[in-house]
Protein chains: 2
Amino acid sequence: VWAVVVAGGRGARYGRPKQFDLLAGRPVVEWAVAGARTVADGVVLVLPPDRAGMAAEGPAGRYGADAVVDGGVSRSASVRHGLAAVPGDAGVVVVHDAARPFASEELFRSVLEALLDGAAVGGAICAVPVTDTLKRVVPDGTRVTGTVDRTCLVAVQTPQAFRADVLRRAHASAGDATDDAALVEALGAEVRVVPGEARNVKVTTPADLAYLEHLLASER
Amino acid sequence: VWAVVVAGGRGARYGRPKQFDLLAGRPVVEWAVAGARTVADGVVLVLPPDRAGMAAEGPAGRYGADAVVDGGVSRSASVRHGLAAVPGDAGVVVVHDAARPFASEELFRSVLEALLDGAAVGGAICAVPVTDTLKRVVPDGTRVTGTVDRTCLVAVQTPQAFRADVLRRAHASAGDATDDAALVEALGAEVRVVPGEARNVKVTTPADLAYLEHLLASER
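The structure reproduced in this document is the subject of the present report. What you are looking at is a predicted structure, and each value in this text was computed from that prediction instead of being measured.

Re the packing of helix H3 (residues 75-84) of chain B against helix H5 (residues 164-171) of chain B
All names here are of chain B.
- For the pair H3 and H5, the least separation of the axes is 11 Å and the interaxial angle reads 135 degrees. With respect to each other, H3 and H5 are oriented oblique. The handedness of the crossing between H3 and H5 comes out as left-handed. Contacts from Ser-76, Val-79, Arg-80 and Leu-83 in H3 reach Leu-167, Arg-168 and His-171 in H5.
- Classifying every residue of the contact of H3 with H5 by side-chain character gives 3 nonpolar, 2 polar and 2 charged.

A word on the interface of chain B and chain A
- Taken together, the 39 residues of chain B in the interface contact 39 residues of chain A.
- Between the two partners, chain B and chain A, sit 4 salt bridges.
- The interface formed by chain B and chain A contains 18 residue pairs in polar contact (both at pLDDT 80 or more).
- Of all the secondary-structure elements, those providing two or more residues to the side of chain B that touches chain A are strand E8 (134-137), strand E9 (144-147), strand E10 (153-163), helix H6 (180-186), strand E11 (190-195) and helix H7 (206-219) of chain B.
- Ranked by residue count, the leading element in the side of chain B that touches chain A is H7(B), at 7 residues.
- Looking at the side of chain B that touches chain A residue by residue, the classes come out as 21 nonpolar, 8 polar and 10 charged.
- Relative to E8(B), strand E10 (residues 153-163) of chain A runs antiparallel, the two sharing 3 bridges.

A short note on helix H7 (residues 206-219) of chain A
- Its 14 residues give H7(A) an end-to-end C-alpha distance of 20 Å, which sits within 8% of 20 Å, the value for a rise of 1.5 Å per residue.
- Taken together, the buried positions of H7(A) are occupied by Ala207(A), Asp208(A), Leu209(A), Ala210(A), Tyr211(A), Leu212(A), Leu215(A) and Leu216(A).

Some thoughts on the pairing of strand E6 (residues 92-97) of chain A
All names here are of chain A.
- Of all 6 residues in E6, 6 are buried, a share of seventy percent or more.
- What you see with E6 is no split at all: Val-92, Val-94 and His-96 on one side and Val-93, Val-95 and Asp-97 on the other are buried throughout.
- Bridge analysis of strand E1 (residues 2-6) against E6 gives 5 bridges, and the strand direction is parallel. Paired with Trp-2 across the two strands is Val-93, which belongs to E6.
- Bridge count between E6 and E10: 4 bridges; the pairing is antiparallel. Looking at the pairing, Val-93 lines up with Phe-162 of E10.

Remarks on the packing of aromatic side chains
All names here are of chain A.
- Here the structure, examined in full by the defined rule, presents 4 aromatic pairs over all chains.
- Here Trp-31 and Phe-102 contribute two aromatic rings whose centre-to-centre distance is 5.2 Å and whose plane-to-plane angle is 70 degrees, an arrangement assigned as edge-to-face. Taken together, the positions of Trp-31 in helix H1 (residues 28-37) and Phe-102 in the loop between E6 and helix H4 (105-115) put the pair 71 residues apart, joining distant regions of the chain. For the pair Trp-31 and Phe-102, a shared accessibility class is recorded, and that class is buried.
- The ring of Trp-31 has Arg-26 lying over it, and the distance from NZ or CZ to the ring centre is 4.9 Å.

Quick notes on the environment of Ala172(B)
Residues and elements named next belong to chain B.
- On the secondary structure map, Ala-172 appears in the loop between H5 and H6.
- Among the residues examined, Ala-172 registers a relative accessible area of 63% and is labelled exposed.
- When the C-alpha atoms of Ala-172 and Leu-183 are compared, they prove to be 9.7 Å apart, with 11 residues separating the residues in sequence.

So, the relation of the copies chain B and chain A
- Superposing chain B onto chain A requires a rotation of 180 degrees together with a translation of 0.0 Å along the rotation axis, leaving an RMSD of 0.0 Å. On this basis, the relationship between the two copies can be described by a two-fold rotation axis. Identified as the residue of chain B closest to the rotation axis by C-alpha distance is Tyr211(B), at 2.5 Å.
- Taken together, the interface assignments show that 100% of the residues at the interface of chain B recur at the interface of chain A, consistent with an identical surface on both copies.

Structural notes on the state of the cysteines
All names here are of chain B.
- Within this structure, the stated rule accounts for 0 disulfides over all chains.
- We note that Cys-152 lacks a disulfide partner, and the nearest cysteine sulfur, in Cys-126, lies 19 Å from it.
- Cys-152 sits in the partly exposed class, given a relative accessible area of 28%.

The rules behind each value
- Residues numbered from 1 in each chain as written.
- Chains lettered and ligands numbered in written order.
- Predicted model: local features only at pLDDT ≥ 70, side-chain atom pairs only at ≥ 80, totals over all residues.
- Heavy atoms only, no water.
- Axes fitted to C-alpha atoms, helices over the stretch in contact; angles between N-to-C directions.
- Helix = DSSP H or I, 4+ residues; strand = E, 2+ residues; numbered from the N terminus.
- Parallel < 35°, antiparallel > 145°, perpendicular 65-115°, else oblique.
- Left-handed = near helix turned anticlockwise from the far one by under 90°.
- Contact = heavy atoms within 4.5 Å.
- Nonpolar A, V, L, I, M, F, W, Y, C, P; charged D, E, K, R; others polar.
- Salt bridge = Lys/Arg side-chain N within 4 Å of Asp/Glu carboxyl O.
- Polar contact = N/O pair within 3.5 Å; in protein donor to acceptor, adjacent residues only side chain to side chain.
- Pairing = 2+ DSSP bridges.
- Expected span 1.5 Å × (residues − 1).
- Buried < 20%, exposed > 50% of the residue type's maximum accessible area, 1.4 Å probe, protein only.
- Phe/Tyr/Trp six-rings, centres within 6.5 Å; stacked < 30°, edge-to-face > 60°.
- Lys NZ or Arg CZ within 6 Å of the ring centre and 35° of its normal.
- Least-squares fit on C-alpha atoms with pLDDT ≥ 70 in both.
- Disulfide = S-S within 2.5 Å.

In short, geometric facts, not functional conclusions.
Right, here's the structure in full:
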């Protein structure tokens, strides 16, 4: 089992990527790598090019990962860069967002178990119920065309686990999607779902960090 | 213009409804009523039955509203209770969640302007882009059937503004929906959409409160 932890985002909205900010004294990305390591034999970390350069200067720039590679022009391209650095004999690849520091060891295990449940299963993801009311709107966004039935919809998190050969095949076409499972689905492979976690928040704003600091404090 | 502020939720998950917790020293619901008052001539507040009883004891139990009524068995039923207390000569009714303390005056005005843009418009809502990856799953939730195209989807917030006669007609059938616009859409009336606000968060957990306290502190 190898993990690819993706920290390609440049944090355009907030001036700098929030996944390098400190959370209880440790960079968010280091939490995410440590999470992945609870199930992975090795971790490849995908960093924005300027950060990847710093990794060569010492272990602090690697955030606990075994290997660091440059990100690509899109999230999917970044995952492909990471996947290229995963040893060829790895049977399973777990993809995880560097901005999700609080995915628990249980969650990583649960996703892996779902993947290994049957030979036909190509991938396994975690997700939570959709709590927002969702509407379909006209292309310019100014008018409602209908309310979405959210009964059978879920909001996707990471980690996501895949059979390595299936994930490599899914990425061979150099497609772009907001998650890896979508590329695997496009192959026709079965993707399982396990319950995600409320605390598995994606850190994108300073207030998200404040939220997680509060969660940590309240759990202590 | 009258507003119905809905605080019917019992906070089942967290032991008590978070909309009565203090945010910068004021109950969340009081922030929400003050927000609605920036555009409304009167505010009806819908409270859980035990809280509504306290309103009779003094102004503190009314959180700044002109009238307080008991909530119903569902969100839609609570809105109907509130609507029944809105004067018959009100031309516009704004519905707002008591758990959204930070909807700005600009947002209330923007929703009202969209409503009053044309005689055919029955309602106006605010909404933000969907940032999560969404999947369709089988009824038991264990397997993905597809990734949702989120291009034309938005996540709905409140305030929502309606022509009073249209909203009363929409609620006449005693229907249930996760927002009022859905009932108005069911009449075939046009519903406009304006951009919502990132800070217009719905408070449902202690960490949401921590998030908003942080937003306030960072803006000062």
